[in-house]
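# Inside the fold
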Amino acid sequence: MTSKNSLPILLVVACALVDKDGRILLAQRPEGKALAGLWEFPGGKIDAGERPEEALVRELQEELGIDTHASCLSPLTFASYGYEDFHLLMPLYICRKWKGFVMPKENQALKWVRAQNLRDYPMPPADEPLIPILQDLLM
């Protein structure tokens, strides 16, 4: 339900993939997408009737070619941010276990980044408040 003064809520899900060296995977939004060039945590929209964990398992397979299970995803925190046309609600999960090799499947650049260096990568405004939480966890 929306009123004249409220924005539609867009529910997306994101993942902080953490490798054995404690680095976090960032993906750069490709040209042609909104916020192109900015770095973000992998993930995407939740389809109708889909649980957030199911969406994240699907998105990680589609975007990165890796397989994981809902049991390997731990909810960490969430972002809530009002963009001009919608309000974004984004749960962030952490994942340390998956099968396969991370590969860019959607024309995106990928980078493994240490927690203390996350601010070196420009991110969408909704992702920025997630940085200190990851830094507290991994530094």
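Residues numbered from 1 in each chain as written. Predicted model: local features only at pLDDT ≥ 70, side-chain atom pairs only at ≥ 80, totals over all residues. Heavy atoms only, no water.

## Description of the side chain of Gln135
Tracing the sequence through the fold places Gln135 in helix α2 (residues 131–138). Once residues lying within four places of it in the same chain are set aside, the contact partners of Gln135 are Ala115 and Gln116. (Helix = DSSP H or I, 4+ residues; strand = E, 2+ residues; numbered from the N terminus. Contact = heavy atoms within 4.5 Å.)

## A look at the state of the cysteines
Per the counting criterion, the structure on display carries zero disulfides. Not engaged in a disulfide, the cysteine Cys15 finds its nearest cysteine sulfur in Cys95; these two sulfurs lie 4.9 Å apart. Looking at Cys15, the relative accessible area reads 0%, which means it is buried. (Disulfide = S-S within 2.5 Å. Buried < 20%, exposed > 50% of the residue type's maximum accessible area, 1.4 Å probe, protein only.)

## Observations regarding the layout of surface pockets
Its volume calculated, the largest pocket comes out at about 610 Å³. When contributions to the lining of the largest pocket are tallied by element, the ones reaching two or more residues are β1 (9–17), β2 (24–28), β4 (43–45), α1 (52–64) and β6 (87–95). The biggest single contributor to the lining of the largest pocket is β1, with four residues. Looking at the lining of the largest pocket, its residues break down into 15 nonpolar, four polar and ten charged. (1 Å grid on protein atoms, 1.4 Å probe; cavity = no way out; pocket = protein on both sides within 12 Å on 5 of 7 lines; lining within 4 Å. Points joined across faces, edges and corners; volume = space filled by probe spheres on them. Nonpolar A, V, L, I, M, F, W, Y, C, P; charged D, E, K, R; others polar.)

## As for the side chain of Glu53
Among the structural elements, Glu53 can be located in helix α1. Beyond its immediate sequence surroundings of up to four residues, Glu53 is in contact with Ala70, Leu73 and Tyr93.

## Considering the sheet that holds β2
Spatially, the three strands line up as an open sheet ordered β3-β2-β7, and their pairing is antiparallel. The sheet is open, and its two borders are formed by β3 (39–40) and β7 (109–113), each paired with just one other strand. Across two bridges, β2 lies against β3 in antiparallel orientation. Bridge pairing links Ala27 to Glu40 in β3. (Pairing = 2+ DSSP bridges.)

## Quick look at a nonpolar patch on the surface
Together, Ile9, Leu11, Phe78 and Leu89 make up an exposed nonpolar region whose accessible area comes to about 390 Å². Note on placement: Phe78 falls in strand β5 (residues 73–82). (Patch = residues over 30% accessible without salt bridge, like charges linked within 9 Å, V, L, I, M, F, W, Y side chains within 5 Å. Areas by Shrake-Rupley, 256 points an atom, 1.4 Å probe, with all protein chains shown as cover. Salt bridge = Lys/Arg side-chain N within 4 Å of Asp/Glu carboxyl O.)

## Digging into the pairing of β5
Residues in a regular strand point their side chains to alternate faces of the sheet. Of the pairings in the sheet, the one linking β5 to β6 comprises nine bridges and is antiparallel in character. The residue bridging Ser80 from the neighbouring strand is Leu89, located in β6. Between β5 and β6, which pair antiparallel one after the other, the connecting turn spans four residues.

## Some details on α1
Owing to its 3.6 residues per turn, the α-helix brings residues three or four apart onto one side. Taking 1.5 Å of rise per residue, 13 residues should cover 18 Å, and α1 covers 17 Å from first to last C-alpha, within 8% of that figure. Of the positions making up α1, those classed as buried are Glu53, Ala55, Leu56, Glu59, Leu60, Glu63 and Leu64. Relative to the axis of α1, the buried residues are bounded by an arc of 150° and lie together on one face. Taken from the residues just after α1, Gly65 is the one with a positive phi, measuring 70°. (Expected span 1.5 Å × (residues − 1). Arc of directions from axis to C-beta.)

Don't take any of this as a statement about function, it's just geometry.
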